[in-house]
Amino acid sequence: MRRTFQMVTDTATMCLYDLATLKHRVEDTSDWWSIPEDELAEVNAGHCLFLNLGADGVYEVEWSLEDVEGDPERVAERGKVYHLQVPSGHVYLGAADDVSGGELEPDETCEGVLFQLKPGNYACIVSREASRIAIVMTPSIQGNNTLDELIRM
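Residues numbered from 1 in each chain as written. Predicted model: local features only at pLDDT ≥ 70, side-chain atom pairs only at ≥ 80, totals over all residues. Heavy atoms only, no water.

Attention shifts here to the sheet that holds strand E9 (residues 132–140). Strand pairing in a sheet relies on backbone hydrogen bonds, with the paired strands running either antiparallel or parallel. Within the open sheet, the five strands sit side by side as E1-E4-E9-E8-E5. Their pairing is mixed. The two strands at the open ends of the sheet, each matched to only one other strand, are strand E1 (2–9) and strand E5 (80–86). On average, each strand axis in the sheet is inclined to that of its neighbour by 30°, with strand direction left out of account. Pairing of strand E4 (residues 57–65) with E9, which is carried by six bridges, proceeds in the parallel orientation. Bridging from a neighbouring strand, Glu-62 pairs with Ala-134 of E9. (Pairing = 2+ DSSP bridges. Helix = DSSP H or I, 4+ residues; strand = E, 2+ residues; numbered from the N terminus. Axes fitted to C-alpha atoms, helices over the stretch in contact; angles between N-to-C directions.)

Below you can see the structure in the form of structure tokens.
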């Protein structure tokens, strides 16, 4: 499975997550994730990947699901690898402007896509070239991260 879409962000950030993992944030403020400690805690827990893009604007995003074969070093050559938990399979990929919070969750009107994945953990290989972002998701045993800093693209 491979798909492409365009998104516009006014927060210079894109996110990827299963809606079930951030249910506890729906009642929080809409910009809860702008607090670096909160953002990093959710990323390290595997609840959400916030990809800080460095600038607002229009981005072309290509995402795919595949079974990556080969050694982990070869996989890492394709981009940075982050891990994500997908308990319900109902996933959002798009502008962080629309992340769960402020009593709202993403829907079809948001700057992103909603799609279904088989529940489980995923390794997400992320790369960027100018305004084009590529994300390859592959099933993984690991579902959390151990980052010291926010993800910067």
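Having seen the structure, we can now continue with the description.
Within the protein, residue pLDDT values average 92, and 93% of them lie at 70 or more. The secondary structure element of the protein with the lowest average pLDDT is helix H2 (residues 72–76), at 52, and the one with the highest is strand E3 (residues 49–52), at 98. (pLDDT = per-residue confidence, 0-100.)

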